[in-house]
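An overview of the molecular structure
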Amino acid sequence: MRMRSLLTAGAACLLAGLLCGAVYLKRVVDYQRAVRETRIEEVDLSRVSDGTYTGEYDTGLVSARVEVRVESGEIMDIRILEHKNERGGPAEAVTEAIVSQQRIEVDAVSGATNSSTIIKKAVENALRQGLTAPQS
């Protein structure tokens, strides 16, 4: 009887582990698809009003929230307020490239491509908040 209880408990633990593993793998697949489908679009900085804007982007396993300061049509500073990542901490250096090149679509940080993409999209989302209507 005791052996049967142990076998039942072991089987239940194994089943629970397999279920958790399957759920995690689905999250990874969904995350990878979301990153692959993420499109970065440049924002015309001459149309962004002076100010500080917050933007975020979340793909499930990786997310970022940034603060972007714009003055006279230039990105002056980008602060990463939050960056939930897998192993992409070095990707945070992408903000320096964005500021120095004054464009969002800069090269990703090697070894942290997905996190770089998420940070760039968060910057784009922040800048879009400051867009003014086009001049006619």
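Heads up: the structure comes first, above all this text.
Now for a quick tour of the structure. Source: prediction; values computed, not measured.

Analysis parameters
Residues numbered from 1 in each chain as written. Predicted model: local features only at pLDDT ≥ 70, side-chain atom pairs only at ≥ 80, totals over all residues. Heavy atoms only, no water. Pairing = 2+ DSSP bridges. Helix = DSSP H or I, 4+ residues; strand = E, 2+ residues; numbered from the N terminus. Axes fitted to C-alpha atoms, helices over the stretch in contact; angles between N-to-C directions. Buried < 20%, exposed > 50% of the residue type's maximum accessible area, 1.4 Å probe, protein only. Arc of directions from axis to C-beta. Contact = heavy atoms within 4.5 Å. Salt bridge = Lys/Arg side-chain N within 4 Å of Asp/Glu carboxyl O.

Read across the sheet, three strands follow the order β1-β2-β3 without closing on themselves; strand pairing throughout is antiparallel. A single partner strand is all that each edge strand has here, and the edge strands are β1 (51–58) and β3 (74–84). Neighbouring strand axes in the sheet, compared pairwise and without regard to direction, differ in orientation by 20° on average. The pairing of β1 with strand β2 (residues 63–71) spans eight bridges and is classified as antiparallel. The partner of tyrosine 57 across the bridge, within β2, is alanine 64.

A few words on helix α2 (residues 94–101). Since the α-helix packs 3.6 residues into each turn, any two residues three or four apart lie on the same face. Turning to α2, its buried residues number three or more, namely Val94, Thr95, Ala97 and Ile98. All buried residues of α2 lie within an arc of 160° about the axis, which places them on one face of the element. Along α2, the residues that are exposed and aim more than 90 degrees away from the buried face are Glu96 and Ser100. At its buried positions, α2 is contacted by β3 and α3 (113–129). Two residues or fewer after α2 comes glutamine 102, characterised by a positive phi angle close to 55°.

This part takes up the pattern of salt bridges. Charged atoms that come close allow side chains of opposite charge to pair. Overall, the coordinates contain seven salt bridges when judged by the stated rule. Here glutamate 82 and arginine 65 are joined by a salt bridge, their closest N and O atoms 3.9 Å apart. Here glutamate 82 is found in strand β3, whereas its partner arginine 65 is found in strand β2, with 17 residues between them in sequence. Ionic pairing is found between glutamate 124 and arginine 128, a salt bridge with its closest N-O pair at 3.0 Å.

Sheet analysis places β2 next to β3, joined by nine bridges and oriented antiparallel. Considered in β3, the bridge of arginine 69 is made with aspartate 77. From the end of β2 to the start of β3, which pair antiparallel, there are two residues, and serine 72 there has a positive phi angle of about 50°.

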